[in-house]
Amino acid sequence: MSHSDLADSAFLRAARGEPVQHTPVWFMRQAGRSLPEYLKVREGVTMLDSCMQPDLVTEITLQPVRRYGVDAAIFFSDIVLPLKAIGVDLDIVAGVGPVVANPVRTLADVEAIPDLTPEHVPYITQAVQQLVGELGGTPLIGFAGAPFTVASYLVEGGPSKEHAKTKALMFGAPEVWDALMRKIAGISAAYLHVQVAAGASAVQLFDSWAGAVTRADYERSVLPYSTSVLGAIGETGVPRIHFGVGTGEILDLMGQAGAEVVGVDWRVPLAEGVRRVGGRCVQGNLDPTLVFAPTEVMLERADQVLEAGKAAPGHIFNLGHGVIPSTDPDQLARLTDHVHQVSAR
Ligand code: CP3
């Protein structure tokens, strides 16, 4: 292992728009419930507790790297972990998602949320350092939730389809909204800084639910805060990836938030995604349900994604959203091998 192996890895080269020997591949949610070895080590440990145990985080993060030989590891954690770390009363309920005990609705609620400092998350620093040592030439992607997506959990109090309370706050209480979005932007930026300072080679900002707002509202009430997070981490020099679901109508704006790489949702044909983000690298975007199709169908569709990716300055192969828990890991193994083989140059 040497630093130059890492810097020259296919993942980091593609993220910088440099030529690669094969198209790099990793999968959002590659660690987790689709893996029997994950279910085994998580037995009797709650999700949030597992995120605070560096040995467990290291093991879980490494599992998909060992199994698939993917080109990057993603740090095992959750977008709400930093909130938990600063004292927000929340839990991740199995099969449900993050649940917040006292939803945030007023300026006083926002002001009661502390800023995040590295002292809040010593176990994150330790886990990242440990992982980077074990990963050698394989890059580690750190991540955080973008302000809109994290705000949704804080305001709704849990997962939501319509994000109605969140958007009502955005529409009706712009000052509270601004304070909340600034607060989260600061927390997410600080959380990413901790991961990069400890050795993460790249970061991904997840704005999973940004597709829930119109283009005009995105531009006015969401984009400035995501731009602030990405800008804050820009000074570290690590490649930044920005991803959201159902974001076809705002993909160009998401690119303008400042990331080097834009994650394209599975709904947008990748050739069109490449066009929309004009000049930036792309990540994606095989429909995650294709793993349930016959292998040859899945691989044929993967070929189409690879072909479309050639039009971008850099392409990181991924699914167009996270691995579905009932996914057969053998399909992801075949997919990884196939992407490596057919893209080898
Ligand atoms: O990709 C990886 O392997 C890294 C791990 C990771 C988790 N959460 C672990 C997790 C990542 C990158 C996340 C990010 C995250 N968390 C996002 C953005 C990514 C996306 O999918 O859009 C969001 C929206 C969350 C919030 C959240 N946390 C949800 C929606 C859920 C799933 C609820 C459920 O149980 O179906 C969680 C819980 C969670 N986070 C699990 C895992 C492995 C499942 C809990 C468990 O295994 O007990």
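Residues numbered from 1 in each chain as written. Predicted model: local features only at pLDDT ≥ 70, side-chain atom pairs only at ≥ 80, totals over all residues. Heavy atoms only, no water.

Asker: It is not clear to me how the UniProt feature "domain: Uroporphyrinogen decarboxylase (URO-D)" (unreviewed entry) in the protein should be interpreted in this structure. Could you clarify?
Answerer: Following the UniProt record, the feature "domain: Uroporphyrinogen decarboxylase (URO-D)" (unreviewed entry) maps to residues 24-33 and 141-157 here. Counted over residues 24-33, helix gives 0% and strand 0%. Its end C-alpha atoms are 23 Å apart. The distance separating the terminal C-alpha atoms of residues 141-157 is 28 Å; by composition the span is 59% helix and 29% strand. (UniProt positions renumbered as here; feature names shortened; annotations may be inferred. Helix = DSSP H or I, 4+ residues; strand = E, 2+ residues; numbered from the N terminus.)

Asker: Explain the packing of helix 10 (residues 164-172) against helix 11 (residues 174-197) here, please?
Answerer: How two helices pack is summed up by the angle between their axes together with the distance between the axes. One way to put it is that helix 10 packs onto helix 11 with a least axis distance of 5 Å and a crossing angle of 115 degrees. Seen from helix 10, the contacting residues are Thr166, Leu169, Met170, Phe171 and Gly172; seen from helix 11, they are Pro174, Val176, Trp177 and Leu180. Of the residues belonging to the contact of helix 10 with helix 11, the class tally is 7 nonpolar, 2 polar and no charged. (Axes fitted to C-alpha atoms, helices over the stretch in contact; angles between N-to-C directions. Contact = heavy atoms within 4.5 Å. Nonpolar A, V, L, I, M, F, W, Y, C, P; charged D, E, K, R; others polar.)

Asker: What's the story with the pattern of salt bridges in this structure? I'm lost.
Answerer: Any two side chains of opposite charge can pair, given that their charged atoms come close. Scanning all chains against the criterion turns up 14 salt bridges. A salt bridge links Asp178 to Arg182; the nearest nitrogen and oxygen atoms lie 2.8 Å apart. Of this pair, Asp178 and Arg182 are both found in helix 11, 4 residues apart, which corresponds to roughly one turn of the helix. You can call Asp178 partly exposed: its relative accessible area is 25%. Linked by salt bridges that have partners in common, Asp8, Arg13, Arg16 and Glu18 make up one network. (Salt bridge = Lys/Arg side-chain N within 4 Å of Asp/Glu carboxyl O. Buried < 20%, exposed > 50% of the residue type's maximum accessible area, 1.4 Å probe, protein only.)

Asker: Can you walk me through the side chain of Asp217 in this structure?
Answerer: Along the chain, Asp217 turns up in helix 12 (residues 215-221). Given a relative accessible area of 11%, Asp217 falls into the buried group. Sequence-distant contacts of Asp217, that is, excluding residues within four places in its chain, are made with Met170, Phe171 and Val222.

Asker: Where do I start with the site of the ligand in this structure?
Answerer: Around the ligand, the structure places 25 residues, and the nearest of them are Arg29, Tyr38, Asp78, Ser208 and His321. The contact in question runs from an oxygen atom of the ligand to an N or O atom on the side chain of His321, over 2.8 Å. Protein coverage of the free-state accessible area of the ligand, which is 870 Å², stands at 91%. Every element with two or more residues in the shell around the ligand is listed here: helix 3 (36-42) and strand 3 (97-100). (Near = heavy atom within 4 Å. Polar contact = N/O pair within 3.5 Å; in protein donor to acceptor, adjacent residues only side chain to side chain. Areas by Shrake-Rupley, 256 points an atom, 1.4 Å probe, with all protein chains shown as cover.)

Asker: Would you take a moment to explain the nonpolar core for this structure?
Answerer: Where a protein is soluble and globular, its nonpolar side chains tend to be buried together. Leu154 and Leu335 are the most contacted members of the largest nonpolar core, which totals 127 residues. Here the element with the most residues in this core is helix 11; it accounts for 13 residues. Other than its neighbours up to four places away in sequence, Leu154 contacts Leu83, Val88, Val100, Pro103, Val104, Ile113, Leu180 and Ile184. (Core = buried A, V, L, I, M, F, W, Y, C linked by side-chain atoms within 4.5 Å.)

Asker: Help me understand the packing of aromatic side chains, please; the structure alone is not making it clear to me.
Answerer: The relative placement of two aromatic rings is captured by the distance of their centres and the angle of their planes. Under the defined criterion, the tally for this structure stands at 5 aromatic pairs. Taking the centre distance of 6.1 Å and the plane angle of 85 degrees together, the rings of Phe27 and Tyr68 count as edge-to-face. Here Phe27, found in the loop between helix 2 (10-15) and helix 3, pairs with Tyr68, found in helix 5 (residues 54-68); they are 41 residues apart in sequence, far enough to count as distant. Residue Phe27 shares its accessibility class with Tyr68, and that shared class is buried. On the numbers, 6.3 Å between centres and 85 degrees between planes, the contact of Phe206 with Phe243 is edge-to-face. Taken together, the positions of Phe206 in strand 5 (residues 202-206) and Phe243 in strand 6 (residues 240-243) put the pair 37 residues apart, joining distant regions of the chain. Per residue, the accessibility class of Phe206 equals that of Phe243, and both read buried. Among the aromatic side chains, those forming a connected cluster through ring pairs are Phe143, Phe206 and Phe243. (Phe/Tyr/Trp six-rings, centres within 6.5 Å; stacked < 30°, edge-to-face > 60°.)

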